[in-house]
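Survey of secondary and tertiary structure
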Amino acid sequence: MSEPPARTSQAAEVWRRLKRNRAALAGGAIVAVFVFTALFAPWIAPHAPDAGDLGRRLEPPSAEHWLGTDELGRDIFSRILHGARVSLQIQLVAVLIALVAGCLLGLLGGYYGGWADHGIMRAMDILLAFPGIFLAISIIAVLGPGLLNLMLAAGIYSIPQFARIVRGSILSLKEKEFVEAARAAGEGDASILFRHLLPNAMAPIIIQTTLRMATVLLTASGLSFLGLGVQPPHPEWGAMLSNARPYLITAPHVATFPGLAIMLVVMGFNLFGDGLRDSLDPRLKD
Amino acid sequence: MIRYILKRLAMLVPVLFGVTLVSFSLLQIVPGDPAVLLAGEDANPDFIEAVRKEYGFDQPLHVQYLRFVARAVQGDFGISIRNRQPVIHLLLQRFSFTVQLSFLSILIAAAIGLIAGVISATRQYSIFDHASMVGALFGISLPIFWLGLLLMLVFSVHLRWFPAGGSGELRHLVLPAIALGAASAAVIARMTRASMLEVIRQDYIRTARANGLRETVVIYKHALKNAMIPVITVFGLEFGYMLGGAVLTETVFSLPGVGRLMVEGIFQRDYAVVQGAMLLVATTFVLVNLLTDIAYALFDPKIRYE
Amino acid sequence: MPLLSVRDLRTHFFSAGKVVRALDGVSFDIAEGEIFGIVGETGCGKSVTALSILRLIPFPPGKIVSGSIRFKGTELLELPPERMRSFRGKEISMIFQEPMTSLNPVFRVGDQMREVIALHQGLGREEAWKAAVAMLARVRIPEAEKIARCYPHQLSGGMRQRVMIAMELSCRPALLIADEPTTALDVTIQAQILELLRQMRRELGTAILLITHDLGVVAQMCDRVAVMYAGGIVEEAGVVGIFEAPRHPYTQGLWGAIPPAEEERETLAVIPGTVPDLSQPPAGCPFHPRCGRRFEPCDRERPAMRAVAPGHRVACHLYPEGGVPS
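Residues numbered from 1 in each chain as written. Chains lettered and ligands numbered in written order. Predicted model: local features only at pLDDT ≥ 70, side-chain atom pairs only at ≥ 80, totals over all residues.

Observations concerning the interface of chain B and chain A
Each side of the interface is counted separately: chain B has 39 residues, and chain A has 33 residues. Elements represented by at least two residues in the side of chain B that touches chain A include exactly helix 1 (2–29), helix 6 (127–141), helix 7 (144–158), helix 8 (170–199), helix 10 (215–252), helix 11 (258–267) and helix 12 (271–299) of chain B. Broken down by element, the residue count for the side of chain B that touches chain A peaks at eight residues, all from helix 10 of chain B. (Contact = placed C-beta atoms within 7 Å. Helix = DSSP H or I, 4+ residues; strand = E, 2+ residues; numbered from the N terminus.)

Dropping the structure here:
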């Protein structure tokens, strides 16, 4: 293939395949509801997220409080809706950090090779030596707890995945003829990188971005559960779960619903990401 | 094989350098005087000066770093300002617990993941396949800490099969191990399925069938041994993630693991503990990956007989 | 009684609501000790024929829908799966096109042979190993003991194909199916492997069903030849008859399309048009859309196989029963 694939017809083809994938559509629907909730929580939520009524603590679900009330008598349903806002904000910022930094590092390493590539990849190896959420915890150890640092930690934690994927794509793409042609036509490195290489590496980047939204949510809510992330009284799902622990036996619903919210949204992104992978790159499907 | 292992060992050097550098930098980046951070804010000035001398905080950075590494190699990670104990004692005690928990978890995850993955692949699109892939989706989507709480609620509080608290016996570890292993079981099942599906399309599987071998022999000997090669890498990675991710499980079940030690260290500004935990967990993970690579080579003759 | 007798074999593949008639009524006989060739373009059903005989068509999507395969008088299509399994590798063996990928990469080749020998001959580990090494020596592998201890990736393509042949002949099968056994090999190695197959036929009396698209190989090796097109046999004759007097227009086109030596080609530029889509085969003779000599009945009626000379049969309306070419 010497020509870069035509993008409009490709997008149509991807959409056609995606439409037939019921699991992906279900995932997409969950994501859509999540985003909608995050955007409009203040208008949808029946109660204020931090308005507590200590006389009505730990009430089970009722007509007034659909999902019951928490240890301070706050409406759990409203807090979960507002929690979507916090989650989406963390996910977007963290994934954006990872996306920009990871893509840049991957592009530079893959395109220039040599010591730049070597240095970048070794740096990624060092980050990856801290397994999973432990890396995010270590970053928090350096930066200190808090919402902003949580976003930074979850972002840095995801950089290596993007860097590796982009580098891999670039390594195979840069040998292709359309890159040679662009170079022969006198285009500079920046133009080749951002006008030719990056657009053709979009498929794996989009897939990774979607799947990473799921991982970041799990990690960020885990950190908040540990008390290292979003601090109370902000309605963050992991923090809500953490606060509900003492009442696990007497009022299990307080811990159940925030966990359910995390699981549903993570599942939505996973389903949608898997569906995108099957649609964008059908060869990867069994 | 020897060359392969040497190459892997050589690749360890920059990573270990980086890992020590990162944990060393902790004290340099955190605002405040490193000597005060280590000695504790309420320590008397003489003690702070003693710490400064001993760690060489009055020396140039590279000397400080070399001293840090030299001490770490000898197992000296300083004194915990909260527990007034050598950090190495705390670490070893807590880390051995986390290793036990992770080991039990990876055993459970590997058993479930392999069985589900192989059966799913051999009966692609069957009800079992669909059910186990939906199960795997739940596995990768469930927050560990929530799963832990649910398991505790159902199996300890309501059914009373397992104790809700305490540690030291195997029965205390069962629920935490399941919570910690669920995601890995899901990842291993997906990977095994994909790998098996790839392998059973290969020509040599057709050869095995054309030779009249039993289907069970074809699948569990000829196909599985090939399909295992990429899965082995996943075992190592997942075990490493467990070492690092056990902190959530340890917190839910109030278990004395290294992750909790580290998180407590962060809250208590007990930087010697945090530094030691970072170094220990990362180094262990790197070594686990090395062992995984060697196991990988043992399974794949193409590498073994390079 | 022929060793193998295939009658009206139909193997179809079912996918996405379509039925692909990969084999649509194939019949032929193979005598004991005979080398019988099947030639045709990619997709004509050669390999499906081979896999059907061993009942190794993957289901789903494939299925043998009707027909008969009798081997030494036993109807293979009616055997219970366990009995069928005992024929594979013992009575009927098969070697494949890709020696690079046909051996399991994680087992030593001697162990792979030992497994088959132990299974079919009931030998112990030691004896089966010795038998494996002896068989490797028999296919002219020097230092057989050493080669037996090798993993496939340590051997060259030609050596691997020798190992495959040794493995498949180790239980002295009456029939060896060789599906494009030399296509993936260098020309010099090809000649050696073909020579080896001939020697083995001579020494062990094994009949060979040789599947190939290479007419040179057919001319060198075969006693009798069948030409396949679009899931059916269009002509069948002794090797001399079919080369000297090809009757079917497709065979004639194929012969005209013999590529220059050493050039591999699976498409036949000389015959205009393309192989038909087997999920929607043309009515009548499947070759008629490409046939330069088609006439009135060709697009309506499927021609039956008819004898045009002793041992020479052809399925073409140009050769009516007992008549002369029009």
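Read on for the rest.
Thoughts on the interface of chain B and chain C
Listed as interface residues are 17 residues of chain B and, on the opposing side, 22 residues of chain C. At the level of secondary structure, the elements contributing two or more residues to the side of chain B that touches chain C comprise helix 9 (203–210), helix 10 and helix 13 (301–304) of chain B. The greatest single-element share of the side of chain B that touches chain C, amounting to seven residues, is contributed by helix 9 of chain B. A class-by-class count of the residues in the side of chain B that touches chain C yields six nonpolar, six polar and five charged. (Nonpolar A, V, L, I, M, F, W, Y, C, P; charged D, E, K, R; others polar.)

Remarks on the environment of Ile262(A)
Within the secondary structure layout, Ile262(A) lies in helix 11 (residues 253–280). When the C-alpha atoms of Ile262(A) and Ser87(A) are compared, they prove to be 9.2 Å apart, with 175 residues separating the residues in sequence. When near neighbours in sequence (up to four residues on either side) are disregarded, Ile262(A) contacts Leu217(A), Ser221(A), Trp237(A), Pro143(B) and Trp146(B).

Quick notes on the pairing of strand 4 (residues 62–71) of chain C
All names here are of chain C. Note: strand 1 (residues 4–15) against strand 4, eight bridges, orientation antiparallel. Paired with His12 across the bridge in strand 4 is Lys63. Bridge analysis of strand 4 against strand 5 (residues 74–75) gives two bridges, and the strand direction is antiparallel. Counted as the bridge partner of Phe71 is Thr74 from strand 5. The hairpin formed by strand 4 and strand 5 contains two residues between the paired strands, and Lys72 there has a positive phi angle of roughly 50 degrees. (Pairing = 2+ DSSP bridges.)

What to know about helix 3 (residues 76–112) of chain A
Because each turn of an α-helix spans 3.6 residues, side chains separated by three or four positions in sequence point in the same direction. Residue and element names in this part refer to chain A. Helix length check: helix 3 (37 residues) gives 52 Å between terminal C-alpha atoms against 54 Å at 1.5 Å per residue, within 8%. Most of helix 3 is tucked away, with 28 of its 37 residues classed as buried. In the segment just after helix 3, Gly113 is the residue with positive phi, at about 60 degrees. (Expected span 1.5 Å × (residues − 1). Buried ≥ 20, exposed ≤ 12 C-beta atoms within 10 Å, placed from the backbone.)

Quick notes on the confidence of the model for chain C
Residue and element names in this part refer to chain C. Taken as a whole, chain C shows an average pLDDT of 85; of its residues, 94% reach a score of 70 or greater. A low-confidence stretch, residues 259–269 stays under pLDDT 50, and its non-local contacts, those more than four residues away or across chains, total 10 contacts. Complex prediction metrics read pTM 0.88 and ipTM 0.89. (pLDDT = per-residue confidence, 0-100.)

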